[in-house]
Amino acid sequence: MTNFRWVICAMLFFATTVNYLDRQVLSLTWDEFIKPEFHWDESHYGTITSVFSIVYAICMLFAGRFVEWMGTRRGFLWAIGVWSVGACLHAICGAVTEMSVGLHSAAELAGATGDVAVMVASVSMYCFLVARCILALGEAGNFPAAIKATAEYFPKKDRAYATSIFNAGASIGALFAPLSIPPLAKCFGWEMAFIIIGVLGFVWMGFWVFLYDSPAQSRRVGAAELEYIEQDRQEEQTVKTAGRQNEEQEKKLPFLKCFTYKQTWSFAVGKFMTDGVWWFFLFWTPSYLSTQFGVKTSEGLGMALIFTLYAIVTVLSIFGGKLPTLFINRSGQNPYAARMKAMLIFAFFPLFVLLAQPLGMHFAHLGRNAAWIPVILISIGCAAHQAWSANLFSTVGDMFPRGAIATVTGIGGMAGGLGSMILQKSAGNLFVYAGDTGMTFLGFEGKPAGYFIIFIICAVAYLIGWVVMKSLVPEYKLIKDTE
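Note that the coordinates shown come from a computational prediction; the quantities given were computed from them, not determined experimentally.

Rules of the game
- Residues numbered from 1 in each chain as written.
- Predicted model: local features only at pLDDT ≥ 70, side-chain atom pairs only at ≥ 80, totals over all residues.
- Heavy atoms only, no water.
- Salt bridge = Lys/Arg side-chain N within 4 Å of Asp/Glu carboxyl O.
- Helix = DSSP H or I, 4+ residues; strand = E, 2+ residues; numbered from the N terminus.
- Buried < 20%, exposed > 50% of the residue type's maximum accessible area, 1.4 Å probe, protein only.
- Patch = residues over 30% accessible without salt bridge, like charges linked within 9 Å, V, L, I, M, F, W, Y side chains within 5 Å.
- Areas by Shrake-Rupley, 256 points an atom, 1.4 Å probe, with all protein chains shown as cover.
- Expected span 1.5 Å × (residues − 1).
- Bend = angle between axes of the 7 residues up to and from the residue.
- Core = buried A, V, L, I, M, F, W, Y, C linked by side-chain atoms within 4.5 Å.
- Contact = heavy atoms within 4.5 Å.
- Axes fitted to C-alpha atoms, helices over the stretch in contact; angles between N-to-C directions.
- Parallel < 35°, antiparallel > 145°, perpendicular 65-115°, else oblique.
- Left-handed = near helix turned anticlockwise from the far one by under 90°.
- Nonpolar A, V, L, I, M, F, W, Y, C, P; charged D, E, K, R; others polar.
- Disulfide = S-S within 2.5 Å.

Turning to the pattern of salt bridges, a few remarks are in order. Evaluated as defined, the whole model comprises eight salt bridges. In this structure, the salt-bridge partner of Glu225 is Arg5, at a minimum N-O distance of 3.2 Å. Residue Glu225 is located in helix α10 (residues 223–229), and its partner Arg5 is located in helix α1 (residues 4–38); the two are separated by 220 residues in the primary sequence. In terms of burial, Glu225 and Arg5 fall into one category: buried. Where Lys271 meets Asp275, a salt bridge forms, and the shortest distance between an N and an O atom there is 3.0 Å. In this pair, Lys271 and Asp275 are both assigned in helix α12 (residues 262–293), four residues apart and thus about one turn of the helix distant. Exposure class is identical for Lys271 and Asp275. Each is buried. Connected via shared salt-bridge partners are Glu68, Lys148 and Glu152.

Below, the structure written as structure tokens:
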């Protein structure tokens, strides 16, 4: 039997890796390189990350429908093309700011004072917002297209595992980001870091055009592999009324009708409660290390800490996608029951994040090396998120017809982006307020107190999300109505 489906899985993995590399450039450069040049504080950065999140959320609502309309092949090409353009546009934000405020170099921007400094901060923030919105527009198409491609190339029992593999690209992107982006910014300037990483998306597009076709049309998929891929077709046909043709399983659900199903709302709640946690650690961990421990991402210790965090995430999260398959094979559970059981297990691991701040303070005598303790605890929570996310995505393919998968994934992505927007903006404002007022919380003072509050929210979000999801959809129920 041919195994071309794993080549497609590898392509989805690399697309997700590039996606997260592009997303991570700002978080790894803003505190050390961009903030001094443009006079930013956490509020400016929080605004940028929150606007990115809400634009991403809105675009996700329509990205799934766009992918259904364009098809997986062309939809993915449009998505990665747009986000690669957006990634590269970040590089001209400095030049646009200089022209807008009448200054002539980065040194003059950094040396501005008074009202000019305020203007520099505001203009530069809006420039980055434009680039960030274009990035969000394109990146919104990644997961709807990837989940649809997975549903096309893998039977249900393998989808969580395949999803965990391509979803590990998020961890790999975050893993290689600290090893590549800070050195690029330090050697060539932060602008070139955006350009070099952004160009990778255009390279991926060349391979995708050459490799991707639907399984039935691909000359690289043999008859035995096609039969394996389509093994769920018989089960799907049993829920259809007599006389319907096979191709009707691709019939699309009306967009608004998707909102009438509890399965849609269950998926959306799971995304709303947990996506912001992953994005918070992705966007704010470098700043947290700098604020709490004085560790910069461009130095050896900073790169080692971020690399270790996502190395742990990468290794552990892949096994998370395999767990439901073990449950299915050993107990014969349906896919939804197995995934919910696995997700409940994963929901407990983020509770380790509750110990990050207390243990970091307890071992403060170790100096900057104390940062290793919260980083390891955060990595456990992030690994649990990726395992949770792989299974959460797969619940859509378990219960919805293939013609609705990208649409429902987009709706859930919108909910996840909305949750992230709330968390990112709240975090940025909280950190500024905590730093300015010296706020205290459970023994912590200033910005560390603000971080501890956010860590608590992140730790309990998964258990709350699981309870609500289980309440909405207590048992496996395949969507039958495609009229």
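A contiguous nonpolar surface patch, about 750 Å² in accessible area, is contributed by Val85, Phe188, Met192, Ile195, Ile196, Val199, Phe202, Val203 and Phe207. Among the elements that make up the nonpolar patch, the one with the highest residue count is helix α9 (residues 190–211) (seven residues). We classify Met192 as partly exposed; its relative accessible area is 33%.

As a further point, take unusual backbone geometry. Residue His39 is not a glycine yet carries a positive backbone phi of 65 degrees. Looking at where His39 falls in the secondary structure, it is placed in the loop between α1 and α2 (42–70). The exposure class assigned to His39 is partly exposed, which follows from its relative accessible area of 25%. You will see that Leu442, though not glycine, has its phi angle at about 50 degrees, which is positive.

Our focus in this paragraph is helix α8 (residues 156–188). Look at α8: 46 Å from first C-alpha to last across 33 residues, which is about the 48 Å you get at 1.5 Å a residue. When the local axis directions of α8 are compared, the greatest deviation, roughly 45 degrees, occurs at Ala177, which is followed within four positions by the proline Pro178.

Of all hydrophobic cores here, the largest spans 152 residues; its most connected members are Trp40, Phe128 and Phe280. Looking at this core, the element that brings in the most residues is α1, giving 17 residues. With residues near it in sequence (within four places) discarded, Phe280 still touches Thr285, Leu423, Gln424, Ala427, Phe431, Tyr451, Ile454, Phe455 and Cys458.

This brings us to the environment of Ile345. Along the chain, Ile345 falls in helix α14 (residues 335–348). What makes Ile345 partly exposed here is its relative accessible area of 35%.

Taking 1.5 Å per residue, 26 residues should reach 38 Å; helix α18 (residues 447–472) reaches 38 Å between its end C-alpha atoms and fits that length. Along its length, α18 reaches its greatest deviation from straightness, about 35 degrees, at Ala461.

Let us now look at the packing of helix α4 (residues 93–101) against helix α6 (residues 114–139). At a closest axis distance of 9 Å, the pairing of α4 and α6 adopts a crossing angle of 140 degrees. By the angle between their directions, the pair α4 and α6 is classed as oblique. Note that α4 runs across α6; the crossing there is right-handed. Mapping the contact onto sequence places Cys93, Val96, Thr97, Ser100 and Val101 in α4 and Met119, Val120, Val123, Ser124, Cys127, Phe128 and Ala131 in α6. Within the contact of α4 with α6, the residues separate by chemical class into nine nonpolar, three polar and no charged.

Okay, the packing of α1 against helix α7 (residues 142–153) next. Here α1 crosses α7 at 170 degrees, and the two axes come no closer than 10 Å. When the interaxial angle is binned, α1 and α7 end up roughly antiparallel. Contacts between α1 and α7 pair Phe4, Arg5, Ile8, Leu12, Ala15, Thr16, Asn19 and Tyr20 from the former with Asn142, Phe143, Ala146, Ala149, Thr150 and Tyr153 from the latter. Looking at the contact of α1 with α7 residue by residue, the classes come out as nine nonpolar, four polar and one charged.

What follows deals with the state of the cysteines. Enumeration according to the criterion identifies zero disulfides in this entry. Cys127 carries a free sulfur, and the closest cysteine sulfur to it, the one in Cys93, is 5.3 Å from it. The buried category is assigned to Cys127, whose relative accessible area is 14%.

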